[in-house]
Amino acid sequence: MRPARLSVLTAAAVAAALTAVTGCAEKSDSAGGDGAIHVSATDSACEVSKKEFPAGKATIEVENKGSKVTEVYVLFPDGRIVTERENIGPGTKASITAEIKAGDYEIACKPGMTGDGIKQQVKATGKGSTEKRDPALDAAVAAYRTYVQQQADETLPKAQAFVDAVKAGDVEAAKKAYAPSRIGWERTEPVAESFGDIDPKIDVREDGLEAGQDPAKDWTGWHRLEKSLWADNKIGDTEKKLADTLMADLTDWTKKIGTAEITPTSMANGAKELLDEVASGKVTGEEERYSRTDLVDFKANIEGAQKAYELLKPVAAKNDPALAGELDKQFAAMTTLLDKYRADKSGYDFQSYDTVKDDQRKELSDAVSALGEPLSKLAAAVVK
Amino acid sequence: MSDETNSSTSPGPEGDGNTTGAPSRRAVLGWGGAGLALGAAAAGGTVAALTSGTGTVPAGMTGEAVPFHGAHQAGIASAVQDRLHFAAFDVKTKDRAELVRLLQDWTRAAERMTAGLPVGEGAVGGLPEAPPDDTGEALGLKPNRLTLTVGFGPSLFAKGRFGLEDRRPEALIDLELFPGDNLDPVRSGGDLCVQACADDPQVAVHAIRQLARIGFGKTVMRWSQLGFGKTSSTTPEEQTPRNMMGFKDGTRNISGTDTAALDKHVWVSATDAPGASSWMVGGSYLVARRIRMNIEIWDRTPLQEQEDIFGRDKAEGAPVGKSKERDEPFLKAMKPEAHVRLAHPDTNDGATILRRGYSFTDGTDGLGRLDAGLFFLAYQRDVRKGFVPIQRNLAKSDVLNEYIQHVGSAVFAVPPGVRDADDWWGRALLS
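Residues numbered from 1 in each chain as written. Chains lettered and ligands numbered in written order. Predicted model: local features only at pLDDT ≥ 70, side-chain atom pairs only at ≥ 80, totals over all residues. Heavy atoms only, no water.

Phe162, Phe298, Met334 and Leu364 of chain A are the most contacted members of the largest nonpolar core, which has 77 residues in total. Excluding anything up to four places from it in sequence, leucine 364 of chain A contacts Leu295, Phe298, Met334, Leu337, Leu338, Tyr341, Tyr353 and Val356 of chain A. Phe152, Phe178, Ala273 and Ile291 of chain B belong to the second largest nonpolar core, which has 73 residues in total. (Core = buried A, V, L, I, M, F, W, Y, C linked by side-chain atoms within 4.5 Å. Buried < 20%, exposed > 50% of the residue type's maximum accessible area, 1.4 Å probe, protein only. Contact = heavy atoms within 4.5 Å.)

The next point concerns the packing of aromatic side chains. Using the criterion set out here, one finds 22 aromatic pairs over all chains in the structure. Between the aromatic rings of phenylalanine 152 of chain B and tryptophan 279 of chain B, the centroid separation amounts to 6.0 Å while the plane-to-plane angle is 50°, which identifies the pairing as tilted. You can see phenylalanine 152 of chain B sitting in strand S2 (residues 147-152) and its partner tryptophan 279 of chain B sitting in the loop between helix H7 (259-265) and strand S5 (284-293), a full 127 residues away along the chain. A residue is classified by how much of its surface remains accessible, and phenylalanine 152 of chain B, at 0% relative accessible area, is buried. Measuring from ring centre to ring centre gives 6.0 Å for tryptophan 223 of chain B and phenylalanine 375 of chain B, while their planes differ by 70°; the resulting arrangement is edge-to-face. Taken together, the residues tryptophan 223 of chain B in strand S4 (residues 219-230) and phenylalanine 375 of chain B in strand S8 (residues 370-380) connect sequence positions 152 residues apart. Judged by its relative accessible area of 7%, tryptophan 223 of chain B falls in the buried class. With relative accessibility at 1%, the residue phenylalanine 375 of chain B sits in the buried group. Following the ring pairs from residue to residue traces out a cluster consisting of Phe86, Trp223, Phe375 and Phe412 of chain B. The residue whose ring lies beneath arginine 182 of chain A is tryptophan 222 of chain A, and the NZ or CZ to ring-centre distance is 5.0 Å. The ring centre of tyrosine 348 of chain A lies 5.8 Å from the NZ or CZ of arginine 342 of chain A, which sits over that ring. (Phe/Tyr/Trp six-rings, centres within 6.5 Å; stacked < 30°, edge-to-face > 60°. Helix = DSSP H or I, 4+ residues; strand = E, 2+ residues; numbered from the N terminus. Lys NZ or Arg CZ within 6 Å of the ring centre and 35° of its normal.)

Time to look at the sheet that holds strand S9 (residues 118-125) of chain A. Residues and elements named next belong to chain A. Spatially, the five strands line up as an open sheet ordered S3-S9-S8-S5-S6, and their pairing is mixed. One side of each edge strand has no neighbouring strand; the edge strands of this open sheet are strand S3 (52-54) and strand S6 (81-88). For this sheet, the mean angle separating the axes of adjacent strands, direction not counted, is 20°. (Pairing = 2+ DSSP bridges. Axes fitted to C-alpha atoms, helices over the stretch in contact; angles between N-to-C directions.)

This next bit is on the sheet that holds strand S2 (residues 46-48) of chain A. All names here are of chain A. Reading across the sheet, the four strands line up as S2-S1-S4-S7 and stay open at both edges, with mixed pairing between neighbours. At either end of the open sheet lies a strand with only one pairing partner, and these are S2 and strand S7 (93-100). Geometrically, the sheet is characterised by an average inter-axis angle of 20° between neighbouring strands, direction not taken into account. Bridge count between strand S1 (residues 37-41) and strand S4 (residues 56-64): five bridges; the pairing is parallel. Following the sheet pairing, serine 40 is matched in S4 by glutamate 63.

Residue and element names in this part refer to chain A. Orientation of helix H8 (residues 264-282) relative to helix H9 (residues 294-319), taken along the N-to-C sense of each, is 160°, at an axis distance of 9 Å. As the angle between them shows, H8 and H9 are arranged roughly antiparallel. Note that H8 runs across H9; the crossing there is left-handed. Contact residues: H8 offers Pro264, Met267, Ala268, Ala271, Leu274, Leu275, Glu277, Val278, Gly281 and Lys282, while H9 offers Asp294, Asp297, Phe298, Asn301, Ile302, Gly304, Ala305, Ala308, Leu311 and Leu312. The residue inventory of the contact of H8 with H9, partitioned by class, reads 13 nonpolar, three polar and four charged. (Parallel < 35°, antiparallel > 145°, perpendicular 65-115°, else oblique. Left-handed = near helix turned anticlockwise from the far one by under 90°. Nonpolar A, V, L, I, M, F, W, Y, C, P; charged D, E, K, R; others polar.)

Now for the state of the cysteines. Residue and element names in this part refer to chain A. Considering all chains together, one arrives at one disulfide over all chains under this definition. The residue that forms a disulfide with cysteine 46 is cysteine 109, at a sulfur-sulfur distance of 1.9 Å. Its S-S torsion of approximately 60° makes the covalent link between cysteine 46 and cysteine 109 right-handed. Here cysteine 109 lies in strand S8 (residues 103-109) and cysteine 46 lies in strand S2, a separation of 63 residues in the sequence. Of the two residues examined, cysteine 46 and cysteine 109, each falls in the buried class. (Disulfide = S-S within 2.5 Å.)

All names here are of chain B. Of all the eleven residues making up S8, ten are buried; the element is thus mostly covered by neighbouring parts of the structure. Across eight bridges, the pairing between S5 and S8 is antiparallel. The residue of S8 that forms the bridge with leucine 286 is tyrosine 379. Sheet topology places strand S6 (residues 354-355) next to S8; two bridges connect them, and they run antiparallel.

Attention shifts here to the confidence of the model for chain A. In the predicted model, chain A carries a mean pLDDT of 87, and 90% of its residues have values of at least 70. Ignoring residues within four places in sequence, the model shows residues 1-32 of chain A, a span with pLDDT below 50, making 85 contacts including any to other chains. (pLDDT = per-residue confidence, 0-100.)

In C-alpha cells, the structure reads:
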C-alpha cells in the first residue's frame, strides 16, 4: 500500500511526447485565450476559467495564489482520478496536460493537500481529438484490462476463504488463507490504487493512517487482521466485523476495476511502480511485519509487472530491442532468485521473511534495482 | 586527465601525442591547466616556475573543467579539489561483454559530466512519462574541476570471472593485514572503484550517482565515502591543508608538476608492467584506507604531546627544530616514534607515495563520539614499494596509532587515461 502516492494512472491519458511537459514555462497570454483551462487556487477557493471545454487534449494551467501547498485533481464523477498534480507551492504555477474524453468531471483543489478538496463541476464536450495509437498497444491495453479484472475476480473466493476462517474464529486457518487472499491485489496494485478511496480501506498499514485517525476505530483491511492474527494471536468480535468489511470493500473493488483508466504508458509505469513497491515495502520487510509473508507479495508484484511488460513487449522490442533484451534477462534472473525461497515452484508457499538473512535481502534488493532501472525506461520505449 | 600531467609523463615533457591538443589560452591561465606544465617544462621539470603564478585565478574559483582525455587519468596528479565522493562497486554480471559495455557507458557519461554536461539526453525536456536520463541535481552548476578516476580491484581478476587472471599485474597485491587493523568487510574491497573529486560536493555526488544508476543490473555499490577538506595537495605553492587533528600532514607530497618524481614514484612504466600486464603502463596503483580517528581522546591530549606525536608544530607545520612548514625535516631531532619521522622516505628506503586523502565525518558511532577521520588515498607505481613498507613501519611503531584505527581498506589498479572519444576505461585490459 502507498498512502501518499496515487500516481500510476494519474498520468492516465497524458499524451506522450507532448512538449507541454514544461508547460509551466509556457506563456499564457490571458485567461482562457490560449485554449488552456486556468485554475486559480487559493486557501479557500478553486476558480476555474471555463466550465466547458472541448474533449481531447486539455491543458490545465494552475496558479496557486494561496498560502498553502496545494494539489489539483481532475476527477471522474465517481471519484476516480483522471490526472493530478501534487505539491504546487504557494505562489507557483504548474501545468497539467491530459487527454480528456467527453463527459462530466470535477476539478478539485486541495489546499494543504488534505481532505476532499474544493470541487468545481466541469464538462468536456464534443468528440475531441484523441491521438491515434498503434493497434498493438490498444490490444495490449485490452488484454491488460482483462487480466486486471481476472485477478480481481479470482481474488474474491480466496478472500472469502480467509474471511470465513476469521469469522469461524479459526486462527490457524485464517493465517493460512491470509497471504493467498492478497495475491491478485498485489499483482494489480497500481490499478487498485487508482481508486483513491479503496486502497486505504483494504491495504493500509498502521503507520499509513492519516494524522488524526485512530487505529482502534479507523484502521481496516488486511493488515489490521494480520496484526490480530499474528501479534495478538486471537480473533474477537471486532475482527469478525472487520472481515466482513474487508469482503465488502474487495467486492466493491472488483466492480470498479473495469472502469479504470488504462493506457500503454500507465501500464508501463504501473509495472515500474510494482517494483517500487517491492523496493520500498517488501525488501525492507515492512509490508507483512507480523505474518512475515512478504515474499508472497514480492512474487505477486513481480508477476503483475511482468504481465504488463509481456503485453507491451511486442511494441517495446521493436522500438528498443536492447531494453527488451535487458528486461527479459532481469525478469528471468528475478524469477530464479525468488524460486530459491519456495520448495514448490508452482505454489506460493514462500519462506518466512524472518528466515531471509541480511546478505540474502541485499541480493534480493540488488535484483530489484537491476530490474527496476530498465523497467523505468519501458514507458519511453512504448511511446517512441 | 589534465594537461600538466600529460606533459609530465614519458615519452617526454614536450608533447606526447596528447590528444587534447595544444593547451588553450584559458588553460594556460588556470592553476589546474597547462600553465603549470609549461612552466615546469621550461624549468626543466622542476617546480621552480610555479611560484610565478601571481595574478592567476585558482581554478576552484572559476569552476572550470579539467580535461578528461589524456595519457593518465585525471584525479591523480592533477590539482586536488576540495571534495570527494569515492565509491567501490561489486560487478554482478558474469558476462565480459556486459562489463565492457558498462565501462564504455561510464566513460561516455564521465566525458560529459567532467565537462559540466548532463548525462544522456539530460535532466529535462525529454518524454514526460519517462524518468530523465540525468537526475538533474548538478543542473546549472559549473564543472567545478570534476575528475572521475576508475580503478580495478584484485577480485576482478579472480579465476573464472572474466578471464583476466593472467592479466593481473604482480603489483596489484592483496594487502596484508597490518597490526592494529580492524577492517570492516562492508567498507573494504570492491571490483571497481570510482573516485570523484570536485570543488562542489553536489557535483561529485551527482557523478557517482549517475554512474551507479548506469550500472544497475551490472554493478552494485559496495561502499562509498564522502570526503571534505582535502588533507594533502599536489600543488606545493599552496599551504598544506590540515587534517581532523588540526595538523598539516603530507607536506612533502609529490607535486603534480614534478615530472621526474611522478615518473619515479607514481606512473607505471613499461618495465614495471611487462607482457600481459602492459595495459597498466601509464596507470598507477591506488590504496584507499578509511582511518577512524579517536577525535575526543586526541582533543584531550596536551599540545606538546600532539606536536611530539606528529613531529611538527601545530601552528606553522614546521618540522621539529625548524621554523617553516617546508623546511627540510631533521628526522633525528624528532622522537623516534614520531609520525613524520616514521613516514618519511628516508626512514623507508625512499618509499614515496602521492597522497590525495580527505577528511570525513559520518555522523556519530552510537556511543556519542564523532565517526570521523581521514579517508586516505595514495597513488604509487608499485604498492609493494610504496604503501606497504611505509604502513608496516607506521603500524609497528607510530605513536599516532593510539589515536587512529584503520577500519576500511581497498587496493585498485588504476589504468592509464582515456585517450580520445573512441577510447574507454580499461580498453587495453579488456579488448
